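# Inside the fold
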Amino acid sequence: MWCLNFFKCEAPENKPDKVPSDDDNTPVEVSKTAMTADTEKAGDTEIANPPQPKKVTGNGYEIVAPAILSQSDMEVNDKAAQEWHPNSSQDEEKKRYHAVESSPYILPADLNEKDRLQLQHLLYRYSFGKLFNMPVNDLLTEGGTVLDVGCGPGAWSKDVAATYPKSLIYGVDMDKKLFENVEKPTNVTFVEGNILETLPFEDQKFDVIFQRLLLLGIPNGKWDHIVGELLRVLKPGGYIELIEPCPGIELCGPTFDKLGAGLYESSKKRGIDMDAALSLSSTLASRGLEVVQETIISLPIGWGGRHGELNILNWRGFFSGLKPFLSTSLQLSSDEYDQMVQVALKECAEYKSYQNVLSVVAKLPIK
């Protein structure tokens, strides 16, 4: 079973001793290695609640927490549909998909997906309690250069830029339509580029590199190339943080299990390494980086307070975006797929389902 047999993401010699509870709004951190001699605070000030709108002096940008989307908000917006995924045969879905030949990415690039990515950023910032786990707070306060790989609509980039107005933030994504016409702080620059090929930046440009949840866009065997490209543009002494989901969902119901198994197997057939999180640390270490921290948090789906509420909305939008791909793979009609997703998400609260997410922080030594 996809959901129950894939808890492989523990850091060495660490086991989870609890899962999120109904009464606890804090996501469970199940394993974390000790930091190295770098004891500087990681990320920004920890937050107990989702970020509220605030004005940041220096660049005049206002941080606004994304609106919480209803199920109707996640439905397909025909007016936003402009292009089609070359492998999709379900034109009635009216989704706009990436058309980059080198990428197997199967999620859309329409307005609904942009909204989901904004909500997903809120979920992860709220759940981790910070923007990042790297010990670079002082550096960015004084002014550093940051790269956000796979930035999408730029939610993380904009948040970091507003929090650290003296730093320069660059967001890169393979589809510029995701960040076109996006309001942003003056210290943010968005650039179209593909990490699967060559990033459009000179060597040793960045102090900090952040990459989150690109699993479905990276073919098997490409992770070493990606780490090599990140190394090329990272300054000696700089930090990289990679965040990816651990394989499978813990304690999910039978319907969610069928959807997850279908996604796992069909993605593998497309050449996507669904187990990539298991080898992130070893891949970074093999290229000469020093892994200084590994953190796993467990996120409830549809229960456990605010995190669960945000996460089930995230999953609803995720399954909506996957509909042309996954319904075809599972040989389901449009209505059958919608009903299956509805039942699967309802099961999450009943079974107390949760997902584990891994963050790996590594430093490039100064030689």
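Our subject is the structure listed above.
To start, this report covers the structure provided alongside it. (Residues numbered from 1 in each chain as written. Predicted model: local features only at pLDDT ≥ 70, side-chain atom pairs only at ≥ 80, totals over all residues. Heavy atoms only, no water.)

## Section: helix H1 (residues 111-128)
For H1, spanning 18 residues, the distance from its first C-alpha to its last is 26 Å, which sits close to the expected 26 Å at 1.5 Å a residue. Counting buried residues along H1, 15 of its 18 residues qualify, which places the element largely inside the surrounding structure. The N-cap residue of H1 is Asp110: its side-chain oxygen and the backbone nitrogen of Asn112 are 3.3 Å apart. Gly129 occupies a position one or two residues after H1 and carries a positive phi of about 80°. (Helix = DSSP H or I, 4+ residues; strand = E, 2+ residues; numbered from the N terminus. Expected span 1.5 Å × (residues − 1). Buried < 20%, exposed > 50% of the residue type's maximum accessible area, 1.4 Å probe, protein only. Polar contact = N/O pair within 3.5 Å; in protein donor to acceptor, adjacent residues only side chain to side chain.)

## Here's the deal with the pattern of salt bridges
Counted under the stated rule, the structure contains 9 salt bridges. The closest approach of N and O atoms between Glu113 and Arg116, which form a salt bridge, is 2.8 Å. Placement of both Glu113 and Arg116 in helix H1 is noted, with a separation of 3 residues, approximately one turn of the helix. Each member of the pair, Glu113 as well as Arg116, carries the same accessibility label: buried. Each of the salt bridges in this network shares a partner with another, and the network as a whole consists of Asp203, Glu229 and Arg232. (Salt bridge = Lys/Arg side-chain N within 4 Å of Asp/Glu carboxyl O.)

## What about the packing of aromatic side chains?
Taken as a whole, this structure holds 12 aromatic pairs when the rule is applied. Consider the rings of Tyr170 and Phe201, whose centres lie 5.9 Å apart with planes at 75°: the pair is edge-to-face. With Tyr170 in strand S5 (residues 168-173) and Phe201 in the loop between strand S6 (188-192) and strand S7 (206-212), this residue pair connects regions lying 31 residues apart in the sequence. Relative accessible area serves as the criterion here: at 16%, Tyr170 is assigned to the buried category. (Phe/Tyr/Trp six-rings, centres within 6.5 Å; stacked < 30°, edge-to-face > 60°.)

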